[in-house]
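Below, each chain spelled out in residue letters.
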Amino acid sequence: MEIQSTDNSRKNIVKKHFSNHSEDWDSLYDDSDKRESFTKFELKKRKENVFDLISKQHSMVNGNALDLGCGAGHYLTELTDQGFNVVGADISNEMLLVSSSKLSYLSHEDKKLVCADCYNVPLPANYFDVIICIGVLEYLDKETSALTEIKRLLKPDGDVIISVPNFFKLRNLVNPYYYLIRIWTYLFVKKSAGTHKNDEYNKNVTIDFGKSTVSRYSLTKINKIVKNSGFRITEVRSYCFGPFSIWKKRLFSLEKAISISNFFESLLDYKAFRILKFFANRWVLHIKPKVDG
Ligand SMILES: C[S@@+](CC[C@H](N)C(=O)[O-])C[C@H]1O[C@@H](n2cnc3c(N)ncnc32)[C@H](O)[C@@H]1O
């Protein structure tokens, strides 16, 4: 049943959106669903980067892990398989139900899922060795408050992995449609024009906030948010470039778009092309509490 509400705060719009689309979100990770899309490719890349960063941190083995904004539970199962004692938290009960069915192999006591707002999580302080918050900050109006809460929950030497989208994506910089439509929407249109709405597959997971949109960041902006919350960035992973379009028309087939994205990513290994990190679609960041913060 579709959830209706008259509370139009950003938080409630987000909660309603994910509650009404929990299964659409879940299907984006489903390999047996043969409808391929660049979004699915991006999600796979994001997960690979997150777990690569986790496996690099020796301190993280067998510890307590929290997935804040756990959604449909695709990170919870993998963290559990890796031996972590895992807790999943999300503001949407419907998302937690999807997560719960994924963890059905766990006993009732081992399945720890909490319905909570990330600004105020009812869990003990200094408890978690690792906290991941993937694809969540961009939906919030107070990222610093969420990170401050993460800092409270984290052990003093714990590790946090976050991910955010880039405002200066190469794919948008080479296509004026994106910025023009944003300016036009902001000035003249009551509802968001939704830049992905022409994509049938993505439209159910694209949120509509009206005039404002999901936040996007520069590396400078996210660095400032991280610092103001008492953390420091220790590693940045830049991933995915494209798919490239001119106006609303995609220039390449999905297969080509993925090869082009992989090519751009491979250039990041060369010093001369490191500047490309500022123009990737998204970043996964490993952050740690500042020693003096
Ligand atoms: C884009 S989904 C990402 C889900 C999951 N982390 C993943 O990467 O597959 C964002 C999730 O954040 C949750 N969320 C949004 N705002 C939240 C808040 N204020 N507190 C807790 N969870 C929130 C949503 O309900 C949704 O499940």
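Residues numbered from 1 in each chain as written. Predicted model: local features only at pLDDT ≥ 70, side-chain atom pairs only at ≥ 80, totals over all residues. Heavy atoms only, no water.

**Some words on the environment of K44**
- For K44, the location among the structural elements is in helix α3 (residues 38-56).
- K44 sits 15 residues away from Y29 along the chain, and the two C-alpha atoms are 7.6 Å apart. (Helix = DSSP H or I, 4+ residues; strand = E, 2+ residues; numbered from the N terminus.)

**With respect to the nonpolar core**
- Of all hydrophobic cores here, the largest spans 35 residues; its most connected members are W25, V50, I54, L79, I132 and I161.
- Taken together, the elements giving at least two residues each to this core come down to α1 (10-20), α3, α4 (74-81), α5 (93-102) and β4 (128-134).
- Here the element with the most residues in this core is α3; it accounts for 7 residues.
- Once residues within four sequence positions are removed from consideration, V50 is found in contact with Y75, I132, I134, I161 and V284.
- Grouped together as the second largest cluster of nonpolar side chains are 33 residues, C118, V121, L123 and I225 included. (Core = buried A, V, L, I, M, F, W, Y, C linked by side-chain atoms within 4.5 Å. Buried < 20%, exposed > 50% of the residue type's maximum accessible area, 1.4 Å probe, protein only. Contact = heavy atoms within 4.5 Å.)

**Observations regarding the site of the ligand**
- Not every one of the 21 residues close to the ligand is listed here, only the nearest: Y29, G69, D90, C118 and I134.
- Between a nitrogen atom of the ligand and a main-chain N or O atom of I91, the distance comes to 3.2 Å.
- Within the backbone of C118, a nitrogen or oxygen atom sits 2.8 Å from a nitrogen atom of the ligand.
- Against a free-state accessible area of 600 Å², the protein chains account for coverage of 99% of the ligand.
- Among the cavities detected, the one that contains the ligand is the second largest cavity.
- Of the residues assigned to the shell around the ligand, the class counts are 14 nonpolar, 4 polar and 3 charged. (Near = heavy atom within 4 Å. Polar contact = N/O pair within 3.5 Å; in protein donor to acceptor, adjacent residues only side chain to side chain. Areas by Shrake-Rupley, 256 points an atom, 1.4 Å probe, with all protein chains shown as cover. 1 Å grid on protein atoms, 1.4 Å probe; cavity = no way out; pocket = protein on both sides within 12 Å on 5 of 7 lines; lining within 4 Å. Sits in = over half its atoms within 2 Å of the grid points. Nonpolar A, V, L, I, M, F, W, Y, C, P; charged D, E, K, R; others polar.)

**A short note on the sheet that holds strand β2 (residues 85-90)**
- Strand order in this open sheet of 7 strands is β3-β2-β1-β4-β5-β9-β6, and the pairing throughout is mixed. Each edge of the open sheet carries a strand with a single partner, namely β3 (112-115) and β6 (231-239). The sheet shows a mean angle of 20 degrees between the axes of neighbouring strands, taken without regard to direction.
- Running over the sheet, α3 touches β4, β5 (154-165), β6 and β9 (282-289) and is turned about 135 degrees from β6. (Pairing = 2+ DSSP bridges. Axes fitted to C-alpha atoms, helices over the stretch in contact; angles between N-to-C directions.)

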